[in-house]
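The residues making up each chain are set out below.
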Amino acid sequence: MTTPLGEVLDGRRAAEFQKAARALLKEPLLLAQGPYADEFRLIRQHAAELGDWFDRNTGWSLRVDAEAARLRRTPGTSADPTHPAREASRARAPFTRRRYVLLCLALAALERGEAQIALGRLAEQVVLEAADPHLAAAGLEFTLERRDERLDLAAVVRLLLRHGVLRRVAGDEEAYVSGAGDVLYDVERRVLAGLLAARHGPSLITADGFEERLVELTTETALDSEELRFRAIRQKLTRRLLDDPVLYYDGLTDEELVYLTRQRAFITARIGELTGLVPEVRAEGIAMVDPLDDLTDVRMPEQGTHGHVTLLLAEHLASAGGEVSRGVLEARVRELAVEHGGFWSKSAKQSGAERELVEQALDRLTALGLATRTPGGVVPLPALARYAVGETVVVEPGGPASRTSRTSRTSRTSQRKARAS
């Protein structure tokens, strides 16, 4: 039986719409030229429909022109520190406080600058911007004379290159870092102008403390009717479900929980239509699972030694039932090194390596909403239960079920993962 042409075209349009939406969720700032050029064309084609969906369901605005598409995403919560900006390099080291400050200073200098700028000239302007007495009072000084400071500025510039704010014309950042040369960039002013995603301009913020300023920067406008309050709750919940690996009910206000209980099917269905994500609903919360596994910056499990250690520690934590200290986790890694060291990298088996291995594992587990750090160590969260050791039920013909062995999803896959180290 032949499928009607109208249904084929509707299906193709829905697939293109979903591909465009997923591209914006992965990269909220997309350029017409580059690795997402095909997705950018789809975004321009569906710009009105996409803009309407995001505005109504998340409160995010979408701006699309001939050069770039910018989805102005704001997080459902500003209290999550587990997804920092990272170096645009293989190491992907997280940005430090100094690098975040340098990023803001560089953007301020670029906004006042010309259409082209050399890295050395940018450094001079950053130093001038850094003369603000508020930075000195906060213990932040920038001379950019030391190599480590120049490395920080180079990391900031590479992030701006990745986002298309700068385009390298000549030179190389390594030459600047070593003091052997300079780099020339074009400044993409339209991309730069759309970089900031905030509900209120920074110049309008009057609060003094960091937390207070952050709240003012992202706060909603006054909601003076029940309809607007419900809309704000729906948008916040949708943002959380799109952004967070797991939305735990105990992290919601009473009003948000009541609304989600009543509207869960509607909200998750709308997200599924847009993205293809599938809701996994448990007693403790909701996770929107991605069958394609590419709408995340952190994955579990991962290949290699660090991925293997993370899987094994996840299994250990899931079986612990409560808070576990860093010392216990490091001791566990030393035990695992004896058992699985043949699959691990040489550096991971050296004395003292367990501290870094535990730190990297905890970074991944907390970013995925599977555990939370405490002053004494780490506490497993409910979603980590899927990595717990369980009992395999064996049913014999004509006989009752019997529990014969203890296995888990982690233990069945971890040996295969280790071999990729």
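An account of the accompanying structure is given in this report.

Calculation rules
Residues numbered from 1 in each chain as written. Predicted model: local features only at pLDDT ≥ 70, side-chain atom pairs only at ≥ 80, totals over all residues. Heavy atoms only, no water. Pairing = 2+ DSSP bridges. Helix = DSSP H or I, 4+ residues; strand = E, 2+ residues; numbered from the N terminus. Contact = heavy atoms within 4.5 Å. Axes fitted to C-alpha atoms, helices over the stretch in contact; angles between N-to-C directions. Core = buried A, V, L, I, M, F, W, Y, C linked by side-chain atoms within 4.5 Å. Buried < 20%, exposed > 50% of the residue type's maximum accessible area, 1.4 Å probe, protein only. Phe/Tyr/Trp six-rings, centres within 6.5 Å; stacked < 30°, edge-to-face > 60°. Lys NZ or Arg CZ within 6 Å of the ring centre and 35° of its normal. Polar contact = N/O pair within 3.5 Å; in protein donor to acceptor, adjacent residues only side chain to side chain.

1. Considerations on the sheet that holds strand E9 (residues 285-289)
Sheet strands pair by backbone hydrogen bonding; their relative direction is either parallel or antiparallel.
Reasoning step 1: The strand order across the open sheet built from 3 strands is E7-E9-E8, with neighbouring strands paired in antiparallel fashion. Bordering the open sheet on either side are strand E7 (247-248) and strand E8 (278-281), each of which pairs with just one other strand.
Reasoning step 2: In terms of strand pairing, E7 meets E9 through 2 bridges, oriented antiparallel. Counted as the bridge partner of Leu247 is Ile286 from E9.
Reasoning step 3: Strand contacts of helix H12 (residues 254-275): E7, E8 and E9, with the helix running at about 5 degrees to E9, the strand carrying the most contacts.

2. Description of the nonpolar core
If you look at soluble globular proteins, the nonpolar side chains tend to sit buried side by side.
Reasoning step 1: Leu110, Leu119, Leu122, Leu160, Leu166 and Tyr176 are the most contacted members of the largest nonpolar core, which has 38 residues in total.
Reasoning step 2: The set of elements that each furnish at least two residues to this core consists of strand E1 (29-31), helix H4 (97-112), helix H5 (119-129), helix H7 (147-162), helix H8 (173-178), strand E6 (183-187) and helix H9 (189-193).
Reasoning step 3: Beyond its immediate sequence surroundings of up to four residues, Leu166 is in contact with Leu110, Val157, Leu160, Leu161, Tyr185, Asp186 and Val187.
Reasoning step 4: Within the second largest apolar cluster, 33 residues are counted, among which are Ala21, Ala32, Trp60 and Leu274.

3. Let's talk about the sheet that holds E1
Reasoning step 1: Strand order in the open sheet made by the 3 strands is E1-E3-E2, with antiparallel pairing throughout. The sheet is open, and its two borders are formed by E1 and strand E2 (62-64), each paired with just one other strand. When strand polarity is set aside, the average angle formed by the axes of neighbouring strands in this sheet is 5 degrees.
Reasoning step 2: In terms of strand pairing, E2 meets strand E3 (residues 68-71) through 3 bridges, oriented antiparallel. Residue pairing across strands places Val64 opposite Ala69, the latter belonging to E3.

4. Some words on unusual backbone geometry
Reasoning step 1: A positive phi angle, near 60 degrees, is found at Leu144, a position not held by glycine.
Reasoning step 2: Relative to the elements of secondary structure, Leu144 occurs in the loop between helix H6 (133-137) and H7.
Reasoning step 3: Within the chain, Asp293 stands out as a residue other than glycine whose phi angle is a positive 55 degrees.
Reasoning step 4: Relative to the elements of secondary structure, Asp293 occurs in the loop between E9 and helix H13 (304-320).

5. Structural notes on the packing of aromatic side chains
Reasoning step 1: Summed over the entire model, instances satisfying the criterion amount to 4 aromatic pairs.
Reasoning step 2: Through pairs of rings, three or more aromatic residues link up here, namely Trp53, Phe54 and Trp60.
Reasoning step 3: Positioned above the aromatic ring of Phe95 is the side chain of Arg99, whose terminal nitrogen or guanidinium carbon lies 6.0 Å from the ring centre.

6. Some thoughts on the pairing of strand E11 (residues 371-374)
Reasoning step 1: Relative to strand E12 (residues 377-380), E11 is paired through 4 bridges, and the arrangement is antiparallel. Note that in E12 the partner of Arg373 across the bridge is Val378.
Reasoning step 2: Counting the residues in the hairpin turn of E11 and E12 gives 2 residues.

7. Some thoughts on the side chain of Thr58
Reasoning step 1: Examined against the element boundaries, Thr58 turns out to sit in the loop between helix H3 (47-57) and E2.
Reasoning step 2: Thr58 gets classed as buried once you look at its relative accessible area, which sits at 0%.
Reasoning step 3: Within the local environment of Thr58, its side chain forms a polar contact with the backbone oxygen of Phe54, the two atoms lying 2.5 Å apart.
Reasoning step 4: One polar contact links the side chain of Thr58 to the main-chain amide nitrogen of Trp60, over a distance of 3.2 Å.
Reasoning step 5: Setting aside residues no more than four positions away along its own chain, Thr58 makes contact with Trp53, Arg199, Gln235, Thr238, Arg239 and Leu242.

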